[in-house]
Amino acid sequence: MISSGTLHVIGTELVVGTFVLSGIAFLMLFLQKGVYSSDIVAHWALFAGLVFTPLAIFSGISASPNGPEGNVMLFNKFLLSCAAIGLSVGLLWNRYQNQSIHINRVHALLGMVTVCLILITASFGGMYSRGESLTPFLPKDVAFVFPAWASVILLIMGLIMAGKSAVEHR
């Protein structure tokens, strides 16, 4: 039987590896180098990372000795992972809807932002488990939470954008 900690390490390596591959391909897209192959690699690697992310999240929650309750760093990891999932789904959906997206630098830039979110999440995990981090300048004891009014505004904006997209693509 594989322990949840070992499963989390496997899941995390799959997520980080596929997202980094995606980030390199998005960088190549941003620089307009090898556009056709970079486009394919960026989006398929992003899809693979998206598939493995829930495994890393749930095995990480299960592997936490005290559970996620009351630990600010684990909350931040969950928040950043969910933000990366949402951005990844949006990028993949946008690519599916718009076949000429590979020439759009904003799309490539958002792909690189997604990779940064995953790398910050992994860095928090290193700080939590080993006491070392790639991002020592980020506060580890503060929860990055939007106030309720900002969450409501973002929810309304998301619903408006989804409705507008549904009407336009009908």
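Anyway, here's the lowdown on the structure attached to this text. (Residues numbered from 1 in each chain as written. Predicted model: local features only at pLDDT ≥ 70, side-chain atom pairs only at ≥ 80, totals over all residues. Heavy atoms only, no water.)

1. Regarding the layout of surface pockets
Roughly 870 Å³ of internal volume is contained in the largest pocket. The set of elements that each furnish at least two residues to the lining of the largest pocket consists of α1 (4-30), α2 (35-63), α3 (72-97) and α4 (105-130). Looking at which element gives the most residues to the lining of the largest pocket, the answer is α4, with ten residues. Classifying every residue of the lining of the largest pocket by side-chain character gives 17 nonpolar, 13 polar and four charged. (1 Å grid on protein atoms, 1.4 Å probe; cavity = no way out; pocket = protein on both sides within 12 Å on 5 of 7 lines; lining within 4 Å. Points joined across faces, edges and corners; volume = space filled by probe spheres on them. Helix = DSSP H or I, 4+ residues; strand = E, 2+ residues; numbered from the N terminus. Nonpolar A, V, L, I, M, F, W, Y, C, P; charged D, E, K, R; others polar.)

2. Focus: the packing of α3 against α4
One way to put it is that α3 packs onto α4 with a least axis distance of 9 Å and a crossing angle of 160°. When the interaxial angle is binned, α3 and α4 end up roughly antiparallel. Relative to α4, α3 is oriented so that their crossing is left-handed. When its residues are assigned to classes, the contact of α3 with α4 shows 15 nonpolar, nine polar and two charged. (Axes fitted to C-alpha atoms, helices over the stretch in contact; angles between N-to-C directions. Parallel < 35°, antiparallel > 145°, perpendicular 65-115°, else oblique. Left-handed = near helix turned anticlockwise from the far one by under 90°.)

3. A word on a nonpolar patch on the surface
Side chains of Val20, Ile24, Leu27, Met28, Leu31 and Leu119 sit close together on the surface and give an oily, nonpolar patch of about 450 Å² of accessible area. The greatest single-element share of the nonpolar patch, amounting to four residues, is contributed by α1. Structurally, Ile24 can be placed in helix α1. (Patch = residues over 30% accessible without salt bridge, like charges linked within 9 Å, V, L, I, M, F, W, Y side chains within 5 Å. Areas by Shrake-Rupley, 256 points an atom, 1.4 Å probe, with all protein chains shown as cover. Salt bridge = Lys/Arg side-chain N within 4 Å of Asp/Glu carboxyl O.)

4. A look at the pattern of salt bridges
Within the structure shown, the criterion is met by two salt bridges. When the shortest N-O distance is used, the salt bridge between Arg95 and Asp39 registers 2.4 Å. Of the two residues, Arg95 is situated in helix α3 and Asp39 in helix α2; the sequence distance between them amounts to 56 residues. Its relative accessible area of 16% is what places Arg95 among the buried residues. Note on Asp39: relative accessible area 5%, which makes it buried. Residue Arg130 pairs with Glu132 through a salt bridge whose shortest N-O separation is 3.1 Å. (Buried < 20%, exposed > 50% of the residue type's maximum accessible area, 1.4 Å probe, protein only.)

5. Some thoughts on α2
Taking 1.5 Å per residue as the helical rise, α2 with its 29 residues ought to reach 42 Å, and the 40 Å between its terminal C-alpha atoms agrees with that figure. Of all the bends in α2, the greatest reaches close to 30° and is centred on Phe52; the proline Pro54 follows between one and four positions later. (Expected span 1.5 Å × (residues − 1). Bend = angle between axes of the 7 residues up to and from the residue.)

6. Observations regarding the nonpolar core
Val15, Phe19, Phe26, Leu29, Ala42, Leu46 and Ile118 are the most contacted members of the largest nonpolar core, which totals 21 residues. At the level of elements, α1, α2, α3 and α4 are the ones that each hand at least two residues to this core. With residues near it in sequence (within four places) discarded, Ile118 still touches Val15, Val16, Phe19 and Ala84. (Core = buried A, V, L, I, M, F, W, Y, C linked by side-chain atoms within 4.5 Å. Contact = heavy atoms within 4.5 Å.)

7. Comments concerning unusual backbone geometry
One non-glycine residue with positive phi stands out, namely Gln32, at about 60°. Structurally, the position occupied by Gln32 is in the loop between α1 and α2.

8. A few points about the packing of α1 against α4
Pairs of packed helices are described in terms of their axes, by the angle between the two and the distance that separates them. Remark: α1 packs on α4, axes separated minimally by 8 Å, with the N-to-C direction vectors making an angle of 150°. Taken together, the axis directions place α1 and α4 in an arrangement best described as roughly antiparallel. In this structure, α1 meets α4 at a crossing whose hand is left-handed. Taking contact as the criterion, the partners of Val15, Val16, Phe19, Val20, Ser22, Gly23, Phe26, Leu27, Leu29 and Phe30 in α1 are, on α4, Arg105, His107, Ala108, Gly111, Met112, Thr114, Val115, Ile118, Leu119 and Ala122. Here the residues of the contact of α1 with α4 are counted per class, giving 14 nonpolar, five polar and one charged.

9. Brief notes about the packing of aromatic side chains
A complete count under the given rule lists two aromatic pairs for this structure. Measuring from centroid to centroid gives 5.8 Å for Trp44 and Phe47, while their planes differ by 85°, and the two rings are edge-to-face. Taken as a pair, Trp44 and Phe47 lie in helix α2 at a separation of three residues, close to a single helical turn. You can call Phe47 partly exposed: its relative accessible area is 40%. An angle of 40° between the planes, with centres 5.5 Å apart, marks the rings of Trp93 and Tyr96 as tilted. (Phe/Tyr/Trp six-rings, centres within 6.5 Å; stacked < 30°, edge-to-face > 60°.)

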